Amino acid sequence: MTLFGFQFQNGSIKSDELPEDTRIASLFQFQNGSIKSQCGNLINISFSDDFDEMKNQYLTVTKLFDGLLAGKGSVLSMFQIVKEYLVEIDNRIKLNDQGKMSGIKAGLIRLNYLTNGWGPGDLIIIAGRPGMGKTAVALNLFAKTAAIDGNNILFFSLEMDRFRLTDRIFCSYGGLDPYRLKEGKFTDDEITRLNESAVAIQQLPIYIDESARVDINHITAISRAKHRKGECDMIVIDYLQLIESHQSNNWQKNREREVAEMSRSLKLLAKELKIPV
């Protein structure tokens, strides 16, 4: 029997191939129905003297809860893993024959050689002192290069607004002088390059979120929504330490621990969506 996208067989739940958010919503509907009913039956049976019936009902409820908590499950046999792995190897061979990488290219040839591109579930952290060019690397070497290759980039800018980021993209793409661009002083040649860059840049699949106050929940919600629409192949966050923590008002807060927890959450998001962050 199938109900709310789930198959019921011998008292257990088997999830269909549904998106994670749909599965969770369906499980919530089921939780308010069948599990509640079965738990009620268990309570009623417990007042009787039929120990065997009570034991069977307890096992039924336990299986339902196991299905609720485990969902599709993450435990696979080596037979299943190797079968999927060989398919992955075949895809790598086809990409190599076409001269392509299995991951998303960065703007550095040597780095691409070492990593074969950013892969699903990768968490990449660019570390450096203030003013060392972390945003320039993330935006122009990683985000812009990946977007030129046709990848959808979701860029969370916690430090700069959209126009300052666009300034940097135009300077990089059109070879424009950043100081002249800010002042609005252009030669005829620079005006031509500006217009040509505008035509190309506005076609890049880069989506910028410049919300002033951002926490992990905001990043996760936006990322999942864009990923469902097929508009998120890589996430870029500028930068990690500006993400608000739920413990920001806690006098016992430890900023180092907060950053570590946010890094962990981003790694889990990358693994969940199967994209690099």
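Position numbers for residues start from 1 in each chain and track the written sequence from start to end. In view of the model being predicted, local features appear only for residues whose pLDDT reaches at least 70, and side-chain atom pairs are presented and counted only at 80 or more, with totals across whole chains, interfaces and linings using the full set of residues. To obtain the side-chain values, all non-hydrogen atoms of the structure were included, while hydrogens and water were left out.

A. Geometry of the overall build of the protein. Helix numbering and strand numbering both begin at the N terminus, where a helix is a DSSP run of H or I of at least 4 residues and a strand a DSSP run of E of at least 2. Looking only at helices and strands, the protein features 10 helices and six strands. Per-residue accessibility, obtained with a 1.4 Å probe over protein chains only, is compared with the maximum for each type, and a residue is labelled buried under 20%, exposed over 50%, and partly exposed between these values. Relative to its 277 residues, the protein shows a buried fraction of 31%. Considering only contacts within the protein whose residues lie at least 6 apart along the sequence, 64% involve residues at least 24 apart. All accessibility values rest on the Shrake-Rupley procedure with a 1.4 Å probe; residue burial counts only the protein chains present in the view. Of the accessible surface of the protein, which amounts to about 18,100 Å², a share of 53% is contributed by carbon and sulfur atoms. Should any heavy atoms of two residues lie within 4.5 Å, those residues are considered in contact.

B. Expanded view of helix 3 (residues 78-97). In this model helix 3 runs 28 Å from its N-terminal to its C-terminal C-alpha over 20 residues, within 8% of the 28 Å that 1.5 Å per residue would give. Immediately beyond the C-terminal end of helix 3, within one or two residues, lies Gly-99, with a positive phi of roughly 75°. A helix is expected to reach a length of 1.5 Å times the quantity of its residues less one.

C. Structural detail: the nonpolar core. Residues belong to one nonpolar core when they are buried, are Ala, Val, Leu, Ile, Met, Phe, Trp, Tyr or Cys, and are joined through side-chain atoms within 4.5 Å. Counting 24 residues, the largest nonpolar core has Trp-118, Ile-153, Phe-155, Phe-170, Leu-181, Met-234 and Val-236 as the members making the most contacts within it. At the level of elements, helix 5 (134-148), strand 4 (153-157), helix 6 (162-174), helix 8 (188-201) and strand 6 (234-238) are the ones that each hand at least two residues to this core. Here the element with the most residues in this core is helix 5; it accounts for six residues. Residues within four places of Ile-153 in sequence aside, it is in contact with Ala-143, Ala-146, Ala-147, Pro-205, Ile-206, Tyr-207, Met-234 and Val-236. Grouped together as the second largest cluster of nonpolar side chains are 19 residues, Leu-158, Ile-235, Leu-266 and Ile-275 included.

D. Structural detail: the pattern of salt bridges. Salt bridge, as applied in this entry: a Lys or Arg side-chain nitrogen positioned within 4 Å of an Asp or Glu carboxyl oxygen. Taken as a whole and judged by the stated rule, the model has seven salt bridges. One salt bridge in this structure joins Glu-210 and Arg-162, with 2.3 Å as the shortest N-O distance. Within this pair, whereas Glu-210 is found in the loop between strand 5 (206-209) and helix 9 (216-228), its partner Arg-162 is found in helix 6, the two being separated by 48 residues in sequence. Residue classification places Glu-210 among the partly exposed residues on the basis of a relative accessible area of 31%. Here Lys-226 ties to Glu-231 by a salt bridge, and the two come within 2.5 Å at their closest N and O atoms. With relative accessibility at 15%, the residue Lys-226 sits in the buried group. Classification of Glu-231 by relative accessible area gives partly exposed; the value is 23%.

E. Focus on the pairing of strand 6. Judged by how many residues are buried, strand 6 sits mostly within the fold: five of five residues are covered. Of the two faces of strand 6, the one holding Met-234, Val-236 and Asp-238 and the one holding Ile-235 and Ile-237 are both buried throughout.

F. Structural context of the packing of helix 6 against helix 8. Packing of helix 6 against helix 8 leaves a shortest axis separation of 10 Å and a crossing angle of 110°. By the angle class used here, helix 6 and helix 8 are roughly perpendicular. Relative to helix 8, helix 6 is oriented so that their crossing is right-handed. For the pair helix 6 and helix 8, the contacting residues are Ile-169, Phe-170, Tyr-173 and Gly-174 in the first and Arg-193, Leu-194, Ser-197, Ala-198, Ala-200 and Ile-201 in the second. All axes are obtained by fitting lines to C-alpha atoms, using only the stretch in contact for helices, and the reported angles, taken between N-to-C directions, cover 0 to 180 degrees. Any angle between 65 and 115 degrees counts as roughly perpendicular, while under 35 counts as roughly parallel, over 145 as roughly antiparallel, and the rest as oblique. If you view the pair so one helix is near and one far, a crossing is left-handed when the near helix is turned anticlockwise from the far one by less than a right angle, and right-handed when it is turned clockwise.

G. Spotlight on the pairing of strand 4. Within strand 4, five of the five residues are buried, which leaves it mostly tucked inside the rest of the structure. What you see with strand 4 is no split at all: Ile-153, Phe-155 and Ser-157 on one side and Leu-154 and Phe-156 on the other are buried throughout. Whether two strands pair depends on DSSP finding at least two bridges between them. As defined by bridge partners, strand 4 adjoins strand 5 across four bridges and the pair is classed as parallel. Looking at the pairing, Phe-156 lines up with Asp-209 of strand 5.

H. Main features of the side chain of Glu-190. By secondary structure assignment, the location of Glu-190 is in helix 8. For Glu-190, a relative accessible area of 9% corresponds to the buried category. Polar contacts, as counted here, are pairs of nitrogen or oxygen atoms within 3.5 Å of one another; within protein the pair requires one atom able to donate a hydrogen and one able to accept it, and residues that are adjacent in sequence qualify only if both atoms are side-chain atoms. Side-chain polar atoms of Glu-190 contact the backbone nitrogen of Thr-187, separated by 2.9 Å. Beyond its immediate chain neighbours, meaning those up to four positions away, Glu-190 contacts Leu-176, Arg-180 and Lys-185.

I. Structural context of helix 5. Between its first and last C-alpha, helix 5 extends 20 Å over 15 residues, near the 21 Å set by a 1.5 Å rise per residue. Three or more residues of helix 5 are buried, namely Thr-135, Ala-138, Leu-139, Asn-140, Phe-142, Ala-143, Lys-144, Thr-145, Ala-146 and Ala-147.

J. Structural context of unusual backbone geometry. In this structure, Asn-116 is a non-glycine residue whose phi angle is positive, near 60°. Take Asn-116: it is sitting in the loop between helix 4 (109-115) and helix 5. When its relative accessible area of 35% is taken as the criterion, Asn-116 is described as partly exposed.

K. The arrangement of the side chain of Ser-263 in detail. Position of Ser-263 among the secondary structure elements: in helix 10 (residues 255-273). With relative accessibility at 14%, the residue Ser-263 sits in the buried group. Dropping the residues within four chain positions of it, Ser-263 is found in contact with Leu-123, Ile-125 and Leu-240.

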